[in-house]
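Architecture and fold: a report
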Amino acid sequence: MAPLKLIVGNWKMNGLTADSRERAEKLAVAVKGRGNLPFQLILCPPATMVAATAEALRGSVIKCGGQDCHEQSCGAFTGDIAAVMLKDLGCTYVIVGHSERRQHHRETSLQVAAKAKAAHAAGLIAIICVGELDSERSAGQADSVIAGQLKDSIPDTATAENSVIAYEPVWAIGTGKTASSEDIRHMHALIRGKAGKLPILYGGSVKGSNAAEILHIPNVDGVLVGGASLKAEEFLAIAEASGEGK
Ligand code: PGA
């Protein structure tokens, strides 16, 4: 049987507890009792809503994840959250190195690797994000930027069981622009060559109408979805596209 496509919803800094709970419950009901799903749903709410979301997902096949974690397991780091704390709330996954963290919090690839390592130590699966800027792509540097980010962002503790790579071209995030199928095919093949068996997700303006095409490109093992994951129906439509055309 083909491995399940990983369909990850990154809710970013949106909604309040009641919205999270309602969306999680709606999705749990939608997949309940359905055997042989071709996808694994993973919901990554804002930190304050992780507990309510994990609670709403109790008994469901849908998993919960955090959006970031600190590289240390405890200490004097005001405002930060340790991987072990996410695990404690019922998370299975955590996103690290999202381009919004790299951009707005100046996170480096080496820090991202340390966060992924902390996630592994806590028993979480790290979703390690990489992606080039528009200017880097225009300058013909996309391949070398991604190769460099992969080299520095993946810790030596990473295995195909505890790590996932998410390729998200920064210019495609929240812009409505997606990379062309040819560009995705090219970049995912490059990443496969460097990341071996680690599952590889594509992210950047994925929606119901383009999910089927993207999910059937070789070496695309799933998608990381921002805006379109905030509506349960749209997110589900993306997931259902995993099974189309098979
Ligand atoms: P988007 O975001 O789907 O809204 O483009 C993707 C992401 O940032 O993970």
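As a starting point, this report considers the structure included with it.

Rules and cut-offs
Residues numbered from 1 in each chain as written. Predicted model: local features only at pLDDT ≥ 70, side-chain atom pairs only at ≥ 80, totals over all residues. Heavy atoms only, no water. 1 Å grid on protein atoms, 1.4 Å probe; cavity = no way out; pocket = protein on both sides within 12 Å on 5 of 7 lines; lining within 4 Å. Points joined across faces, edges and corners; volume = space filled by probe spheres on them. Helix = DSSP H or I, 4+ residues; strand = E, 2+ residues; numbered from the N terminus. Nonpolar A, V, L, I, M, F, W, Y, C, P; charged D, E, K, R; others polar. Core = buried A, V, L, I, M, F, W, Y, C linked by side-chain atoms within 4.5 Å. Buried < 20%, exposed > 50% of the residue type's maximum accessible area, 1.4 Å probe, protein only. Contact = heavy atoms within 4.5 Å. Near = heavy atom within 4 Å. Polar contact = N/O pair within 3.5 Å; in protein donor to acceptor, adjacent residues only side chain to side chain. Areas by Shrake-Rupley, 256 points an atom, 1.4 Å probe, with all protein chains shown as cover.

Let's talk about empty space enclosed by the protein
The full count for this structure, using the stated rule, is 1 cavity of 30 Å³ or more. Of the pockets and cavities examined, the largest cavity occupies roughly 30 Å³. Lining the largest cavity are Gly97, Ser99, Arg102, Cys129, Val130, Gly131, Glu168 and Val170. Within the residue set of the lining of the largest cavity, elements represented by two or more residues are α4 (99-104) and β5 (125-130). Looking at the lining of the largest cavity residue by residue, the class counts come to 3 nonpolar, 3 polar and 2 charged.

A few points about the nonpolar core
Counting 61 residues, the largest nonpolar core has Ile7, Leu41 and Ile191 as the members making the most contacts within it. Ignoring any residue separated from it by four or fewer positions in sequence, one finds leucine 41 in contact with Ile7, Leu27, Val31, Ile62, Lys63, Phe235, Leu236 and Ala239.

Remarks on the site of the ligand
Taken together, 13 residues are adjacent to the ligand, and Lys12, His98, Glu168, Gly174 and Ser205 come closest. Histidine 98 is positioned such that a nitrogen or oxygen atom in its side chain is 2.7 Å from an oxygen atom of the ligand. Between an oxygen atom of the ligand and a main-chain N or O atom of glycine 226, the distance comes to 2.8 Å. Alone, the ligand offers 280 Å² of accessible surface; in the complex the protein occludes 95% of this. Looking at the shell around the ligand residue by residue, the class counts come to 4 nonpolar, 7 polar and 2 charged.

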